[in-house]
Amino acid sequence: MEDWGIRVKYHHHEVGGPGQMEIEVELDDIMQWFTEHEVETKDFLEVRMAIEPLSVRLAIERCSDEDVAHLERLHQKFITAVNNKDVPNIVIYDEKFHADIVEYSRNQLLISISKQVEKNMKNFRSRTFYIPQNAENAILPHQMILDAFKTKDAAAGERNMQEHLSLIATDLEKSTTK
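Residues numbered from 1 in each chain as written. Predicted model: local features only at pLDDT ≥ 70, side-chain atom pairs only at ≥ 80, totals over all residues. Heavy atoms only, no water.

Here's the deal with the packing of aromatic side chains
Inspection of the entire model under this criterion finds 1 aromatic pair. Pairing Phe78 with Phe129 gives two aromatic rings, centres 6.2 Å apart and planes at 70 degrees, and the pair type is edge-to-face. Linking Phe78 in helix H3 (residues 65-83) with Phe129 in the loop between helix H5 (108-128) and helix H6 (132-150), this pair joins segments that are 51 residues apart in sequence. The residues Phe78 and Phe129 share a single accessibility class, namely buried. (Phe/Tyr/Trp six-rings, centres within 6.5 Å; stacked < 30°, edge-to-face > 60°. Helix = DSSP H or I, 4+ residues; strand = E, 2+ residues; numbered from the N terminus. Buried < 20%, exposed > 50% of the residue type's maximum accessible area, 1.4 Å probe, protein only.)

Here's what the structure looks like:
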């Protein structure tokens, strides 16, 4: 966490065993980061809102059954990470879920643009998922997107991705107004 600029406090655990430590995340630092980077992050979210729904639609039309099975496995790993409050893996599986959808679009320009945007979203993801509700808020939208892949419903996939990204924007707004 400290590598991402998030301060933590370490305490000896009062009821734990020898050497057990308790880690306290400094959420004030996270909230300050959101406030300081709000405009820049909103810009990247706006670009994601333009390219990811299109990517989902194309991916659903073009992907294989193996691709869908792979997204299912990623989603299950994401849920496990959320349930375990394992923020580094939440970040990894969320990023992979979205990046693989763009890859499955088979559109090289979308893939290139998405990679540029994703470079700048890593810091946002690593911070936003330290707020437990933000990670939990992604489970159902990811499932709805995955369900659209399973039923080959490109319109539903596109709509579900738009709704998911709108929820992310709402979570960002909440983070910057606290």
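Observations concerning H5
For H5, which comprises 21 residues, the first-to-last C-alpha distance of 29 Å matches the rise-based estimate of 30 Å (1.5 Å per residue) to within 8%. For H5, the principal kink sits at Met121 and spans about 45 degrees. Every buried residue of H5 is listed here: Leu110, Ile111, Ser114, Val117, Glu118, Met121, Phe124, Arg125, Ser126, Arg127 and Thr128. Its side-chain oxygen 3.1 Å from the backbone nitrogen of Leu109, Asn107 forms the N-cap of H5. (Expected span 1.5 Å × (residues − 1). Bend = angle between axes of the 7 residues up to and from the residue. Polar contact = N/O pair within 3.5 Å; in protein donor to acceptor, adjacent residues only side chain to side chain.)

As for the nonpolar core
One broad rule of soluble globular proteins: the nonpolar side chains tend to lie buried together. Ranked by size, the top nonpolar core spans 35 residues in total, and within it Val56, Leu71, Ile90, Ile101, Ile145 and Phe149 carry the most contacts. Every element with two or more residues in this core is listed here: helix H2 (38-62), H3, helix H4 (87-104), H5, H6 and helix H7 (154-177). The dominant element in this core, judged by the number of residues it contributes, is H4, at 7 residues. (Core = buried A, V, L, I, M, F, W, Y, C linked by side-chain atoms within 4.5 Å.)

Quick look at the pattern of salt bridges
Scanning the entire structure with this criterion turns up 9 salt bridges. One salt bridge in this structure joins Arg106 and Asp67, with 2.9 Å as the shortest N-O distance. Of this pair, Arg106 sits in the loop between H4 and H5 while Asp67 is found in helix H3, placing the two residues 39 residues apart along the sequence. A single salt-bridge network, built from bridges that share partners, covers Arg48, Glu52 and Glu118. (Salt bridge = Lys/Arg side-chain N within 4 Å of Asp/Glu carboxyl O.)

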